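Structure at a glance
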Amino acid sequence: MKALIFGGAGFVGLNITEAMLRAGHDVVVFDRQLPPASAREMLATYGSRVVMVEGDVTNGADVSRAIALGTDAIVYGAAITAGATRDASEPERILAVNLSALAPVLRAAKAAGVRRVVNLSSVGALGRAVGEASVLTEDLRPDPASLYSLTKFASERLVDRLADLWSIEAVSVRLSAVFGPWEYSTGVRDTISPPGQLMGLAALGTAALLARPGERDWLYAPDVGAAVLALLQAQALSHRLYNVTSGAVWPLLTFGERLMVLRPGFVCRLAAPDETPTVDLYMAKDRPPLSPERLADDLQWRAHHDLDRSLAHFDAWSRAWGDKLRQDTA
């Protein structure tokens, strides 16, 4: 299989790329900029099986140039993960990248005979609806508010509608709270995951102070790669929307406390009343977990990394690549 990954230089895209390459497939990495030098060093070990294309997903000529290289599958991961400040300053660009560019990509996929398209959505698509249930299933009615939430929910509906009209195989996946290897500030990602913040603070020898324990169904990025690979390889899919999540809820504080054992001298604890937290949890309160059952029932897929496995792998990866990545992206 040959896959074209839009947004392939971002950290989720790089994890999907790595999963595809390790499984023996070829990948075209499309992004507005090349991956950092350290990521290119990793990708270079796969030789000609990976091709990198610089381009703008909102530019039809750039998209056509990438698809002309030949592809069996497309992963649409191009996105601006915007906060309120960027919502106010760049709404047109957010809408263009996160939503408007998707329809031309789907049209090009149909014309090229692409077998399947996977659209990367997010738990963020649910917006304020996360407070309505103890477990978030794919059937929960979203209530998006931010532009990121609005565009992710709209992208799911767009995929569903055009897949029907154009008779193409397309599916959306709602990703849980993703963290892990290759996470860096790309200029279109306003938020670094809380576990990623912890690992960065540990590397700098700076204390991590949390406003609360931070319970969430954290999802290790290599598991995203494995899930997307499973969706691309499946003979048939029964649904157009799947949650991708670990399904297990654990506190960020526990992650940090166990990281303290691996990184002597690192401190992770709750902030005292007179202290300012050094880790941004991004949410005023913890949200319920996504349900993993639909993907498990259809493809027998479950996340491999629990708290301890993800911590061990992320720590080892950070020791090998973290300093290089920070220097590349400083």
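Notes on the structure follow. Every value quoted in this text rests on a predicted model; they were computed, and no experiment measured them. (Residues numbered from 1 in each chain as written. Predicted model: local features only at pLDDT ≥ 70, side-chain atom pairs only at ≥ 80, totals over all residues. Heavy atoms only, no water.)

**Let's talk about empty space enclosed by the protein**
Where empty space is left can be seen by rolling a probe of water-molecule size over the atoms. Here is the rule: Only protein atoms enter the 1 Å grid used here, on which a cavity is any set of points holding a 1.4 Å probe that cannot leave and a pocket is any open set flanked by protein within 12 Å on both sides along at least five of seven lines; residues with an atom within 4 Å of a point are listed as lining. Grid points are joined across faces, edges and corners, and a volume is the space filled by probe spheres set on the points. Counting from the N terminus, the helices are DSSP H or I runs at least four residues long and the strands are E runs at least two residues long.
In this structure the tally under the stated criterion is 1 cavity of 30 Å³ or more. Approximately 30 Å³ is the volume found for the largest cavity. Lining the largest cavity, in full, are Ala109, Lys110, Val114, Arg115, Arg116, Val117, Ile168 and Glu169. Where the lining of the largest cavity is concerned, the elements lending two or more residues are helix H6 (102–112) and strand S5 (116–122).

**Here we look at the packing of aromatic side chains**
Counted only if it meets this: Whether two aromatic rings pair depends on their centres lying within 6.5 Å, for rings of Phe, Tyr and Trp, where Trp uses its six-membered ring; planes under 30 degrees apart make the pair stacked, over 60 edge-to-face, and the rest tilted. Only protein chains enter the area calculation, which uses a 1.4 Å probe; residues under 20% of their type maximum are buried, those over 50% are exposed, and those in between are partly exposed. We call a charge positioned above a ring when the Lys NZ or Arg CZ atom is no farther than 6 Å from the ring centre and deviates by at most 35 degrees from the ring normal.
Applying the stated criterion across every chain yields a total of 12 aromatic pairs. Ring centres 5.3 Å apart and planes at 55 degrees place the aromatic pair Trp182 and Trp321 in the tilted group. Of the two residues, Trp182 is situated in the loop between strand S7 (177–179) and helix H8 (194–204) and Trp321 in helix H12 (residues 307–329); the sequence distance between them amounts to 139 residues. Trp321 shares its class with Trp182; the two are buried. Grouped by ring-pair contacts, the aromatic residues Phe179, Trp182, Trp218, Tyr220, Trp250, Phe255, Phe314, Trp317 and Trp321 constitute a single cluster. One residue, Lys324, lies across the ring of Trp321, its end atom 4.8 Å from the ring centre.

**A short note on the pattern of salt bridges**
Rules: Any carboxyl oxygen of Asp or Glu within 4 Å of a side-chain nitrogen of Lys or Arg constitutes a salt bridge here.
Within this structure, the stated rule accounts for 21 salt bridges. For Glu293, the salt bridge identified is with Arg302, shortest N-O distance 2.9 Å. Here Arg326 and Asp323 are joined by a salt bridge, their closest N and O atoms 2.5 Å apart. Here Asp323 and Arg326 lie together in helix H12, a separation of 3 residues that amounts to about one turn. Within this structure, Glu138, Asp139 and Arg294 form a network of salt bridges that share partners.

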